[in-house]
Amino acid sequence: MAELDGDRRLATIRADAEAGVPRARRLLALRLLEGRGVEADPETAIAWLEADGEAGYGPALRTLAELHAEGRHVAADPERERALLEAAAAAGDREARRRLNARGD
């Protein structure tokens, strides 16, 4: 039964993501990055995160910052990470603001 619920949830997330809902696109992007429950497609995941980040969606910017911090699916780039965290915080992402404060930024 739990698998069926997971399948329904994934189907809903996918439909919303394909309709352009930023929160759903980020959730699906996180799965696409690692192939969790879906075929891995980091290129699509990053494209969605970048598009939603450019539109001012803070959580997408924070996720991109995390990828740059870790060098996962993108080049490690501390300067880009910081810029993305600052943009995420400016867009109202509390977690990004918390991380910047913790770093002393």
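(A) Representation of the environment of Arg62 within the structure. By the element assignment, Arg62 lies in helix α4 (residues 58-70). Given the relative accessible area of 12%, Arg62 is considered buried. Each C-alpha atom of the pair Arg62 and Asp93 lies 7.8 Å from the other, and the pair is 31 residues apart in sequence. In this view, Arg62 contacts Arg26, Leu85, Ala88, Asp93, Glu95, Ala96 and Arg99; residues no more than four positions away in its chain are not counted.

(B) Representation of the pattern of salt bridges. For the structure shown, the criterion picks out 10 salt bridges. For Asp52, the salt bridge is made with Arg25, and the minimal N-O distance between the two is 3.0 Å. Of this pair, Asp52 sits in helix α3 (residues 42-54) while Arg25 is found in helix α2 (residues 22-34), placing the two residues 27 residues apart along the sequence. Each member of the pair, Asp52 as well as Arg25, is classed as buried. Overlapping salt bridges, with partners in common, bring together Arg62, Glu66, Asp93, Glu95, Arg98 and Arg99 in one network.

So, how was this worked out
- Residues numbered from 1 in each chain as written.
- Predicted model: local features only at pLDDT ≥ 70, side-chain atom pairs only at ≥ 80, totals over all residues.
- Heavy atoms only, no water.
- Helix = DSSP H or I, 4+ residues; strand = E, 2+ residues; numbered from the N terminus.
- Buried < 20%, exposed > 50% of the residue type's maximum accessible area, 1.4 Å probe, protein only.
- Contact = heavy atoms within 4.5 Å.
- Salt bridge = Lys/Arg side-chain N within 4 Å of Asp/Glu carboxyl O.

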